[in-house]
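What follows is the residue order along each chain.
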Amino acid sequence: MPRLNVLLLENIHAVAENALIEAGCSVKRVNSALKEDELIAALEGVHVLGIRSKTNVTKKVLESPQARSLLAVGAFCIGTNQIALEPAMRRGVCVFNAPFSNTRSVAEMVIAEIIMLSRQLGDRNNELHQGVWRKIATGSKEVRGKTLGVVGYGHIGTQVGILGEFFGMKVAFYDVAAKLPLGNAQPVPTLEALLAQSDFVTLHVPETQQTRGMMGAAQIAAMKKGACLINASRGTVVDLDALAAALKSGHVQGAAVDVYPDEPEQSETKGFVTPLQKLPNVVLTPHVGGSTLEAQESIGREVSASLIKYITQGASTGSVNFPMCELAPSKGTYRLTHVHQNVPGVLRDVNRVVGDAGANIHAQLLSTNPDIGYLVMDLDTELAEQVVQGLQKLACTIQARAA
Ligand code: NAI
């Protein structure tokens with residue numbers, strides 16, 4: 001494999017850099033996110049790009065001539081909304097993320113917030129830091145026996161439910177997909193029904209057209225009076241003006257928010273404004289739910305392992321935009337990979353190129369989606385480079401390389 005250049009942005013854990021260097025890559029690090037034009041300029045000669053949630057890999061970035069060497073993007077986080085996945089696929093750029101590495105970190109923070117809101121610990125903490133001793137506990141409650149309503153019962157939602165049960169809470173959940181309840185959690189058929197019965201509503205849905213604004217004024221009004229709302233999912237899920245109004249009126253007793261519709265790109269920014277500031281019993285955090293040492297390390301390990309397997313073996317397992325294809329390596333063979341448009345006759349043309357080069361196919365695995373095909377192939381003879389050059393001339397070829 002030729003030496004590949006990796007660019008890691010946004011302070012990705014060193015475990016990823018070390019793993020990529022050990023795999024034979026040259027690694028350059030930039031600790032902040034890059035804006036579109038900066039990113040385009042930085043991509044010249046880069047084969048693998050690593051980002052977190054603050055760098056947008058747009059269609060323009062992917063289609064720029066500077067990105068012509070790009071083979072893969074690793075999103076060292078859970079979400080991949082910041083990447084134009086379809087244009088990446090059409091350019092033959094395979095995208096990986098770390099769907100489960102920070103699940104527990106988010107769940108632990110949410111549980112801490114439920115107790116903070118129940119005891120108004122945020123307000124007492126702020127007062128005492130300003131020298132104000134206010135030994136009042138009006139409205140302070142235990143969480144034991146209260147109903148925890150989980151919206152989105154996926155990886156994080158289920159963990160929150162399990163931890164909530166450890167604290168003696170009754171757990172109910174609403175999800176658009178049929179989900180197996182863990183512990184004693186009760187599925188609820190509609191969002192409205194969940195809101196009406198929950199003392200704490202916690203949101204763990206992805207950002208989709210359906211979830212955008214899913215907690216608007218009407219849904220917040222449908223919450224039980226005196227309940228608390230927690231959002232550590234995506235900023236667009238809650239209408240913050242409606243939430244602020246409900247907090248002011250006292251209908252909602254407290255809120256914990258980790259994600260916002262417009263978040264600053266830099267990790268340290270002054271002058272951030274949200275309608276929730278200066279309201280009582282509101283815990284605000286700057287999108288740190290999944291950010292623990294354990295999560296960052298585990299994300300670094302998981303995503304770098306996927307990237308290394310892709311560049312060295314061609315395995316697309318776990319990719320969010322490529323057909324799944326993983327061929328077990330076999331000794332003494334020469335591997336190449338071929339990303340192509342999914343049109344009839346590709347295998348015939350590929351095999352003709354192999355035959356014309358005088359090579360023999362040891363193993364071949366093809367996987368397709370409606371738009372592209374991804375082929376991993378082992379040759380018996382050291383002719384992979386010659387075959388790659390032949391494949392690059394085919395009209396259907398998006399990308400061909402010797403792994
Ligand atoms: P997941 O994909 O495992 O679970 C999401 C669940 O929501 C699924 O069960 C899905 O069926 C359900 N769902 C989808 N649309 C729905 C709708 N309209 N109504 C009800 N349920 C719906 O995702 P995961 O890993 O649990 O992550 C959840 C959210 O947490 C994501 O938005 C993710 O971006 C966010 N997150 C936030 C972090 C932070 O630092 N605050 C860190 C990690 C994730």
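1. With respect to the pattern of salt bridges
The tally for this structure, following the rule as stated, stands at 17 salt bridges. Measuring nitrogen to oxygen at the nearest pair gives 3.7 Å for the salt bridge that ties arginine 352 to aspartate 356. On the criterion of helical spacing, the pair formed by arginine 352 and aspartate 356 is a turn pair, its members being four residues apart in helix α12 (residues 346–356). Note on arginine 352: relative accessible area 43%, which makes it partly exposed. In this structure aspartate 356 comes out as exposed when scored by relative accessible area, which is 60%. Through salt bridges with shared partners, a single ionic network connects Glu36, Asp37 and Lys60.

2. What about helix α6 (residues 121–129)?
Each α-helix winds once per 3.6 residues, and so residues spaced three or four apart point in a common direction. Among all positions in α6, only Gly122, Asp123, Arg124 and Glu127 are buried. Each element contacted by the buried residues of α6 is listed here: α5 (103–119) and β12 (282–284).

3. Focus: the nonpolar core
In this structure, Val151, Met215, Leu243 and Leu276 are the most contacted members of the largest nonpolar core, which totals 31 residues. Contributing elements (two or more residues each) for this core: β7 (170–174), α8 (191–197), β9 (200–203), β10 (227–231), α10 (240–249) and β11 (252–257). With six residues, the top contributor of residues to this core is α10. Aside from chain neighbours lying at most four places away, what touches valine 151 is Tyr174, Leu191, Leu194, Val201, Thr202, Leu203, His204, Val205 and Met214. In this structure, Val6, Ala98, Ile308 and Val339 belong to the second largest nonpolar core, which totals 28 residues.

4. Overview of the site of the ligand
In the vicinity of the ligand there are 25 residues, among which His155, Ile156, Asp175, Val205 and Gly290 approach most closely. Side-chain polar atom of aspartate 175 to an oxygen atom of the ligand: 2.6 Å apart, as the coordinates give it. Glycine 289 is positioned such that a nitrogen or oxygen atom in its backbone is 3.4 Å from an oxygen atom of the ligand. For the ligand, whose free accessible area comes to 860 Å², the fraction covered by protein is 86%. For the shell around the ligand, the class distribution of residues is 11 nonpolar, 10 polar and four charged.

5. Focus: the packing of aromatic side chains
By the definition in use, this model includes six aromatic pairs. Taking the centre distance of 6.0 Å and the plane angle of 35° together, the rings of tyrosine 310 and tyrosine 374 count as tilted. Of this pair, tyrosine 310 sits in helix α11 (residues 293–313) while tyrosine 374 sits in strand β15 (residues 372–379), and the two are 64 residues apart along the sequence. Under the relative-accessibility criterion, tyrosine 310 is labelled buried at 0%. Arranged with centres 5.4 Å apart and planes meeting at 65°, the rings of phenylalanine 322 and tyrosine 374 form a pair that is edge-to-face. Of the two residues, phenylalanine 322 sits in the loop between α11 and β13 (334–341) while tyrosine 374 sits in strand β15, which places them 52 residues apart along the sequence.

6. Focus on the environment of lysine 224
Tracing the chain through its elements places lysine 224 in the loop between α9 (217–221) and β10. Remark: the alpha-carbon pair of lysine 224 and asparagine 97, spanning 127 residues in sequence, is separated by 37 Å.

7. A few points about the sheet that holds strand β4 (residues 72–75)
Backbone hydrogen bonds hold the strands of a sheet together, and the pairing may be parallel or antiparallel. Across the sheet, which stays open at both edges, the five strands sit in the order β2-β1-β3-β4-β5 with parallel pairing between neighbours. Of all strands in the sheet, those with a lone pairing partner are β2 (26–29) and β5 (94–96), marking the two edges. Pairs of neighbouring strands in the sheet enclose a mean axial angle of 15°, with direction left out of account. Bridge count for strand β1 (residues 5–8) against strand β3 (residues 48–51) is three bridges, and the pairing is parallel. Residue pairing across strands places leucine 8 opposite glycine 50, the latter belonging to β3. The strands touched by helix α1 (residues 14–22) within the sheet are β1 and β2, with β2 carrying the most contacts at an inclination of about 155°. Running at roughly 170° to β4, α11 makes contact with β3, β4 and β5 of the sheet.

8. Description of helix α7 (residues 155–166)
Its 12 residues give α7 an end-to-end C-alpha distance of 17 Å, which sits within 8% of 16 Å, the value for a rise of 1.5 Å per residue. Buried residues of α7: Ile156, Gly157, Thr158, Val160, Gly161, Leu163 and Gly164, and no others. On the buried face of α7, the contacting elements are α5, β6 (147–151), β7 and β9. Immediately beyond the C-terminal end of α7, within one or two residues, lies glycine 168, with a positive phi of roughly 80°.

Procedures and definitions
- Residues numbered from 1 in each chain as written.
- Predicted model: local features only at pLDDT ≥ 70, side-chain atom pairs only at ≥ 80, totals over all residues.
- Heavy atoms only, no water.
- Salt bridge = Lys/Arg side-chain N within 4 Å of Asp/Glu carboxyl O.
- Helix = DSSP H or I, 4+ residues; strand = E, 2+ residues; numbered from the N terminus.
- Buried < 20%, exposed > 50% of the residue type's maximum accessible area, 1.4 Å probe, protein only.
- Contact = heavy atoms within 4.5 Å.
- Core = buried A, V, L, I, M, F, W, Y, C linked by side-chain atoms within 4.5 Å.
- Near = heavy atom within 4 Å.
- Polar contact = N/O pair within 3.5 Å; in protein donor to acceptor, adjacent residues only side chain to side chain.
- Areas by Shrake-Rupley, 256 points an atom, 1.4 Å probe, with all protein chains shown as cover.
- Nonpolar A, V, L, I, M, F, W, Y, C, P; charged D, E, K, R; others polar.
- Phe/Tyr/Trp six-rings, centres within 6.5 Å; stacked < 30°, edge-to-face > 60°.
- Pairing = 2+ DSSP bridges.
- Axes fitted to C-alpha atoms, helices over the stretch in contact; angles between N-to-C directions.
- Expected span 1.5 Å × (residues − 1).

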